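A look at the structure
Listed here are the chains, written in short residue letters.
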Amino acid sequence: MTFGQVNCVALSSLIHYNELNIIKFEVMKDLHLYLHIPYCQAKCPYCHFFSETPTKAKLSINAYTQYLAQDLIKKKREFQLDNHQIKSIYFGGGTPTLLPIQEIEKVLFYIQQVWPIAPDCEISIESNPHSLDLLYLKHLIELGITRLSLGIQTFNPKLQNIIRRQVDFEKIKNIVEFCQNHQTEVCLDFIYALPTQTLDDLREDLRILQSLNVNHASFYELEIKDETEIKTWYENNTYQFPNEDQIIEMYQLICQAMKKNDWEHYEISNYAKKQKYAQHNLNFWLGNDYLGVGASAGSRINGQVIENNHNLKLPAQQQTFTKAENTIQYLMGSLRLNLGLNLDKFTTTLAEKIETLAKTWPSEDFLQNDQKALILNENGWLKYDYYLNELARLTYDYYGESEN
């Protein structure tokens, strides 16, 4: 995979000669790369991720992409990631498409200098469709972007006004058609259980989705996180929020509508057609290693969790997982998937303990519950937290560790 020519700062001042992938390894391990781009035009009231407006950011956009290059090299050295190839790249944020196209190109150039890129590498980028135009999108595709993730949240004008989003159906339709014509996958991301949202509002979003030719869609339940504006609305009764029973009805409506239209419900919040799964996210749910660079980005490498500080002058926080914590990381992701838990992944004794516990659970919550696998169905996913907590408790007890 090649990228266009850019006028980049020479990497010789940052890396050693033998880090330019001149030495080829017979067996290359896959590495999944997340890049956090913290810039947003405005803070959405529900968002708890670190973001800044470009005009008020501590680093200019150009300086930030230089920081990303340094962070890539630093982490490659620190975690000895020489014999790796990049299997997926995910630009998240924030709104990564606020970067000038030349800066996206620079970042891809830096990555290519530090690691080889797998021929089938998935390169994804998140975008706020309001700030995305077709010329910029054309340049993204020319750079090798293979998947575009559009933050729709809702098509309902009343709800858009509440959460301060602008999404125009005709523009989305044009973006989707453009991507389809250029063999680029599109994911539409929705949020449900929004303030004042009704089942009819959600039905209309589902109807509109079915009219668009996309192979991936996500429906995330609204999370009311600390230090968000929406948490203040909730506490002050600024708007009426759906109650727990209504949220369950919304989830069931989504499941029914998507199944009716031949979508595969492959993860609690994610649906795909033609097996067009989001490979980067799937890797995360399967508990595999990934490397995060940029402000507040997290990594999971060789049983260690590393989280960058949003203040780039402060060192990253690092934690080494215990045996129980490593196992629970796998449990957390696998229970979310329609692949479920493969009991061969566990020691024989732990697998037997899980199997014994699982036999006490109601069969109507599972697609499969036997000595080979433990797979929740859509009804069971409603009780995901309960089943995860029960398995986590068993795991801590098995390894003789205490819960934090």
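A brief look at the structure comes next. Sequence order sets the numbering: in each chain, residues are counted from 1 along the sequence as written. Predicted model: local features are reported for residues with pLDDT of at least 70 only, side-chain atom pairs are reported and counted for 80 or more only, and whole-chain, interface and lining totals are derived from all residues. Each side-chain value is worked out from all heavy atoms of the structure, with water and hydrogens disregarded.

**A closer look at the overall build of the protein chain**
Applicable threshold: The way it works is that DSSP assigns letters per residue, a run of H or I at least four long becomes a helix, a run of E at least two long becomes a strand, and they are numbered from the N terminus. Put simply, the radius of gyration uses C-alpha atoms, and a globule should come to 2.2 Å times the residue count raised to 0.38. Partly exposed describes any residue whose relative accessible area lies between the buried limit of under 20% and the exposed limit of over 50%, with all areas from a 1.4 Å probe on protein chains only and scaled to the type maximum. We call two residues in contact whenever any of their non-hydrogen atoms come within 4.5 Å of each other. Using the Shrake-Rupley algorithm and a 1.4 Å probe, accessible areas are obtained, with residue cover drawn only from the displayed protein chains.
Scanning the protein chain from N- to C-terminus turns up 13 helices and 15 strands. Its C-alpha radius of gyration of 22 Å places the protein chain within 12% of the 22 Å reference for a compact globule of 404 residues. Of all 404 residues assigned to the protein chain, the portion counted as buried reaches 52%. Pairs at least 24 residues apart make up 71% of the contacts formed inside the protein chain by residues separated by at least 6 positions. A total accessible area of about 19,800 Å² is found for the protein chain, and carbon and sulfur atoms account for 48% of it.

**Observations concerning the pairing of strand E11 (residues 304–307)**
Two faces belong to every sheet, and in a regular strand the side chains alternate between them. Selection criterion: The rule for pairing is simple: two strands pair if DSSP sees at least two bridges between them.
Burial of E11 is one-sided: the residues Gln304 and Ile306 facing one way are buried, the residues Val305 and Glu307 facing the other way are not. With four bridges joining them, strand E10 (residues 298–301) and E11 adopt antiparallel strand pairing. Directly across from Ser299, in E11, lies its bridge partner Ile306. Judged from the four bridges that link them, E11 and strand E12 (residues 317–320) form a sheet pairing that is antiparallel. Along E12, the bridge assignment pairs Ile306 with Gln318.

**Some points on the packing of aromatic side chains**
This is how it is decided: The aromatic pairing rule takes the rings of Phe, Tyr and Trp, using the six-membered ring of Trp, and pairs them if the centres are within 6.5 Å, calling planes under 30 degrees apart stacked, those over 60 edge-to-face and the rest tilted. Ring-over charges, as used throughout, are those where CZ of Arg or NZ of Lys falls within 6 Å of the ring centre and within 35 degrees of the ring normal.
On inspection of all chains with the given rule, the structure shows 19 aromatic pairs. Between the aromatic rings of Phe366 and Tyr387, the centroid separation amounts to 5.3 Å while the plane-to-plane angle is 65 degrees, which identifies the pairing as edge-to-face. Within this pair, whereas Phe366 is found in strand E14 (residues 366–369), its partner Tyr387 is found in helix H13 (residues 384–399), the two being separated by 21 residues in sequence. You can call Tyr387 buried: its relative accessible area is 2%. Feature note: the residues Phe155, Phe169, Phe190, Phe219 and Tyr271 constitute an aromatic cluster, connected by ring pairs. Positioned above the aromatic ring of Phe284, the side-chain terminus of Arg300 is 5.1 Å from the ring centre. One cation-aromatic arrangement involves Arg336 over Tyr384; the distance from NZ or CZ to the ring centre is 5.7 Å.

**Thoughts on unusual backbone geometry**
Backbone torsion omega between Gly93 and Gly94 reads 15 degrees, so that peptide bond is classified as cis. Backbone geometry at Arg164 places phi at a positive 60 degrees, although glycine is not the residue there. Non-glycine residue Asn237 carries a positive phi angle of around 55 degrees. With respect to the helices and strands, Asn237 occurs in the loop between helix H7 (229–235) and helix H8 (244–260).

**Observations regarding the sheet that holds strand E2 (residues 84–93)**
Pairing between the strands of a sheet comes from backbone hydrogen bonds, and it takes one of two forms, parallel or antiparallel. Rules: Helix axes are fitted to C-alpha atoms over the stretch in contact, other axes to C-alpha atoms as well, and angles between N-to-C directions run from 0 to 180 degrees.
The nine strands lie next to each other as E7-E8-E6-E5-E4-E3-E2-E1-E9, forming an open sheet whose pairing is mixed. The two strands at the open ends of the sheet, each matched to only one other strand, are strand E7 (264–267) and strand E9 (291–293). For this sheet the average axis-to-axis angle between neighbouring strands, irrespective of direction, equals 20 degrees. Sheet topology places E7 next to strand E8 (residues 270–272); three bridges connect them, and they run antiparallel. Residue pairing in the sheet places His265 in a bridge with Tyr271 of E8. Sheet strands in contact with helix H5 (residues 169–181) are strand E4 (147–153) and strand E5 (185–192), and its direction is about 165 degrees off that of E4.

**A closer look at the side chain of Asn377**
Going by this rule: Pairing of N or O atoms within 3.5 Å defines a polar contact, subject to two protein rules: one partner must be a possible hydrogen donor and the other a possible acceptor, and residues neighboring in sequence count only if both atoms are side-chain atoms.
Take Asn377: it is sitting in the loop between strand E15 (373–376) and helix H12 (378–381). By relative accessible area, Asn377 is classed as buried at 15%. Of note is the side chain of Asn377, whose polar atom sits 2.7 Å from the backbone oxygen of Glu364. The residues touching Asn377, leaving out its near neighbours within four places in the chain, are Glu364, Asp365, Phe366 and Leu367.

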